[in-house]
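Remarks on the overall topology
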Amino acid sequence: MNTESFFIEDSEILLAQNLCRLITDDNIRNRAVANTFAANIAIKYFEGNSVDVDSASGLHNVSKILDKYDISDIYVKNCYIDVRICFSENELSVPVEHFEKNLLPAAYMFIKLSTDLTEAEVLGFVRPEDVKQENPIDGYYSVPRESLVVYYDIESLLSAYADEPEVDDRAIYSYADGSMQNVEEFLSDLLKSRDARQR
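Residues numbered from 1 in each chain as written. Predicted model: local features only at pLDDT ≥ 70, side-chain atom pairs only at ≥ 80, totals over all residues. Heavy atoms only, no water.

**Some words on the nonpolar core**
Taken as a class, soluble globular proteins show a tendency for nonpolar side chains to be buried jointly. To keep things clear, this is the line we draw: We define the nonpolar core as a collection of buried residues of types Ala, Val, Leu, Ile, Met, Phe, Trp, Tyr and Cys that are connected through side-chain atoms lying within 4.5 Å of one another. Using a 1.4 Å probe on the protein chains alone, a residue whose accessible area is under 20% of its type maximum counts as buried, one over 50% counts as exposed, and one in between counts as partly exposed. Where helices and strands are cited, they refer to DSSP runs of H or I of at least four residues and of E of at least two residues respectively, numbered from the N terminus. By definition, residues are in contact when any of their heavy atoms lie within 4.5 Å.
Core analysis: the largest hydrophobic core is formed by 33 residues, its most contacted members being Phe 46, Ile 74, Val 76, Met 109, Ile 111, Phe 125 and Tyr 151. The set of elements that each furnish at least two residues to this core consists of helix 1 (10-19), helix 2 (26-48), strand 3 (73-76), strand 4 (79-86), strand 6 (107-113), strand 7 (119-126) and helix 5 (151-155). If you tally residues by element for this core, the top one is helix 2, at 10 residues. Residues in contact with Met 109, not counting those within four places in the same chain, are Ala 42, Tyr 45, Phe 46, Ile 81, Asp 82, Val 83, Arg 84, Val 122, Gly 124 and Phe 125. Counting residues in hydrophobic clusters, the runner-up holds 17 residues, among them Leu 103, Ile 172, Val 183 and Leu 191.

**Side note on the packing of helix 1 against helix 2**
Convention followed: Lines fitted to C-alpha atoms define the axes, with helix axes restricted to the stretch in contact, and inter-axis angles between N-to-C directions lie between 0 and 180 degrees. By the definition adopted for this analysis, an angle is roughly parallel if under 35 degrees, roughly antiparallel if over 145, roughly perpendicular if from 65 to 115, and oblique otherwise. The hand of a helix crossing depends on one turn: near helix anticlockwise from the far one by less than a right angle means left-handed, and clockwise means right-handed.
At a minimum axis separation of 8 Å, helix 1 and helix 2 run at an interaxial angle of 140°. Comparing their axes, helix 2 and helix 1 come out oblique. With respect to the hand of their crossing, helix 1 and helix 2 are arranged in right-handed fashion. Contact residues: helix 1 offers Glu 12, Ile 13, Leu 15, Ala 16, Gln 17 and Leu 19, while helix 2 offers Val 33, Thr 36, Phe 37, Asn 40 and Lys 44.

Interpretation note: all reported values are geometric properties and have no functional meaning in isolation.
Have a look at this one:
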């Protein structure tokens, strides 16, 4: 890809903060802002390289989901890519809960931010199956910098889910009103179904 580094505008940070303003816990809100911000930066990267990307249907746009789950989802070729941001190449990590709750993306994308939040650099991608699931620290598995690959190395692996799971309107209403029993299974299906995310 042509653009690996790019500038960040203040409006991108404000947009993320505004989306997450209703989350009351400061730590969760900070994580949610980071997730929303990460997705917005990834969109900029893909659009700058003329790759069709969908984020409008992303679960990172729903503060109720961000309040409970560490998700920063964008979709390339209808495949879920989870975006992680960091300030150092030694801080690359992915949430353990993705593995435990079947919320795995097709790939994780890592973006390094400058300390003043004015620049971003895409470090690379890693598939979940290439993440060593050992010795988690504070709910995250570490990812070594050398395990990252460039987008072209994972592009061929991104194929649209052949059979999107059926998610009926009753399930969506059940989640919205808080009566759903198996939320993780529902979220896993949403991550694979653009039709359901758009409803």
